[in-house]
Amino acid sequence: MCGRTACSLGADNLRRACAYRDRRGCRRQPEWIRAESYRPSYNKGPQSSGPVLLSRRHLQQDADSSERVLMDMRWGLIPSWFKKDDPSKMKFNTSNCRSDTMLEKSSYKSALLKGKRCVVLADGFYEWQQQSGGKQPYFIYFPQTKDTVAEEKEEDEEWRGWRLLTMAGIFDCWEPPAGGEVLYTYTIITVDASKDVSFIHHRQALALTTLFPRMPAILDGDEAIRKWLDFAEVPTQEAVKLIQPTENIVFHPVSTFVNSIRNNTPECLAPIKLGYKEVRVTPSSKAMLGWLKSSQEGSPQKKENDLPRWTSQFIHSPSPKKTSAGILQQWLGKEGEPVAKKHKT
C-alpha cells in the first residue's frame, strides 16, 4: 500500500516538472487550478492535500481532453454519492484502491467508469519494513539520471530537476448535501509489488516484496500518463491495462524521524547508513543528496534553529570542509560517522 509520500517542489517548479507535449507536439506546462491551496511537504499522509494531474475537460466540457491541469486535492476519496454532511464520517479507508477490485467496489467503480482518472504526483513514497528492532522506513522513487540538477533556472527550457513519481489515481467530487463548496478527493491505485525487483544493501538482496507486498500503480513515461488522463480518447477498459507493477524504481533507508507525521523537513527523506558495512552508491542516491542541499523555491522550510543540527547541511551552503563529496563520503561510511543517524522511535 501507499500511506505516506513527499512532494517538496514549489508550485511553479511543479508545473515545470510536469511539462508535456500536446497533440500538435507543442511543449506545454499544465495550468494550476487553485494553486494557492497547494503546500509542499516532505511528509504527507492521508487526509492531507496533494497535487494531481487531470484532464481539463473534467472542469471545462469543451476543452481538449488531452490538455492537462494541476489541482490540489485531498487524499482519501469521498464518492459523490456519500450522503453524510461531514466527509470525516466516511467509515472506510479510501486512501488506497486495489487494482483487482476497483471495478467492483462502489466507492471507486462509478468514478472510474466516468473517466475520473488522475495522476498523483510525488518526489517518492515511504514504506516500512518490519525488523527485529522495529520498523525501518525506506524512501522509494524513480531512478534519477546523472544529469539531474539540484537547482533549476527559469530560462531552462527542459526540466532537469528531480523526476517526479507519477502514480495512477481515481478522483471524485463531493458536494455537501446542504450545499457548499465542492470537495475534490483522490485515491492511489495499488498493485502487487514486482517479484523481480531487488536492491543490494549490506551485500544482501532485499526483495521488493519483502519490503512491501503492494505498491502504487506507477505510470512510467509520458505516453502512459497521456493514456491514463485522456478519458475521452482512451476508454476505461483500455486504460486499466496500464495498471501494472513496475521494476523501474529504487529506494534507500531513511531515518525513523519520518515516522511522525508532524516532522516535515528534508531529514525525512535523506539517505542514512545502516550499520557499518559498505553501501552501494547509485546515480539516484547521488542525485538525492545534491537535491536535498538546495533551498528550492517554495519548498517547506524552517529556521535553522528549528531543524535537527545536521539537516542544515542539506539546505544551506556548506562550509569548505563540508563539500558535497565529503557529505557523500560520510554517508558511504568511508570517513567519520554517517550523515544521519537513526532516531529512536
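Below or above, wherever it landed, is the structure these notes cover. Everything numeric here is computed off the predicted structure, so don't read it as measured data. (Residues numbered from 1 in each chain as written. Predicted model: local features only at pLDDT ≥ 70, side-chain atom pairs only at ≥ 80, totals over all residues. Heavy atoms only, no water.)

Here aspartate 72 shows up in strand 7 (residues 68-75). One buried charge, aspartate 72, has no salt-bridge partner; the nearest side chain with opposite charge is lysine 44, at 5.9 Å. At 2.9 Å, the side chain of aspartate 72 forms a polar contact with the side chain of serine 49. For aspartate 72, the side chain forms a polar contact with the main-chain nitrogen of glycine 50, separated by 3.4 Å. In this structure, aspartate 72 is in contact with Trp32, Ile33, Arg34, Ser37, Tyr38, Ser49, Gly50 and Pro51, ignoring residues within four places of it in sequence. (Helix = DSSP H or I, 4+ residues; strand = E, 2+ residues; numbered from the N terminus. Buried < 20%, exposed > 50% of the residue type's maximum accessible area, 1.4 Å probe, protein only. Lys, Arg positive; Asp, Glu negative; His and termini not counted. Salt bridge = Lys/Arg side-chain N within 4 Å of Asp/Glu carboxyl O. Polar contact = N/O pair within 3.5 Å; in protein donor to acceptor, adjacent residues only side chain to side chain. Contact = heavy atoms within 4.5 Å.)

Moving on, we get to the pairing of strand 13 (residues 183-192). With eight of ten residues buried, strand 13 lies mostly within the body of the structure. Across three bridges, strand 8 (residues 96-98) lies against strand 13 in parallel orientation. What sits directly across from asparagine 96, in strand 13, is isoleucine 188. As judged from the six bridges shared by strand 12 (residues 165-174) and strand 13, these two strands associate in the antiparallel manner. Directly across from phenylalanine 171, in strand 13, lies its bridge partner tyrosine 186. (Pairing = 2+ DSSP bridges.)

So, on to the environment of threonine 246. Mapped onto the fold, threonine 246 is located in the loop between helix 5 (236-239) and strand 17 (250-253). Residues threonine 246 and isoleucine 218 lie 28 residues apart in sequence; the distance between their C-alpha atoms is 6.7 Å. One polar contact links the side chain of threonine 246 to the main-chain amide nitrogen of asparagine 248, over a distance of 3.1 Å.

Tracing the sequence through the fold places proline 266 in the loop between strand 17 and helix 6 (283-293). Sequence separation of proline 266 and asparagine 43 is 223 residues, and the distance between their C-alpha atoms is 9.1 Å.

As a further point, take the side chain of aspartate 230. Along the chain, aspartate 230 falls in the loop between helix 4 (222-229) and helix 5. We classify aspartate 230 as buried; its relative accessible area is 1%. A polar contact is formed between the side chain of aspartate 230 and the side chain of arginine 23, at a distance of 3.1 Å. Residues in contact with aspartate 230, not counting those within four places in the same chain, are Arg23, Ser65, Ser66 and Arg117.

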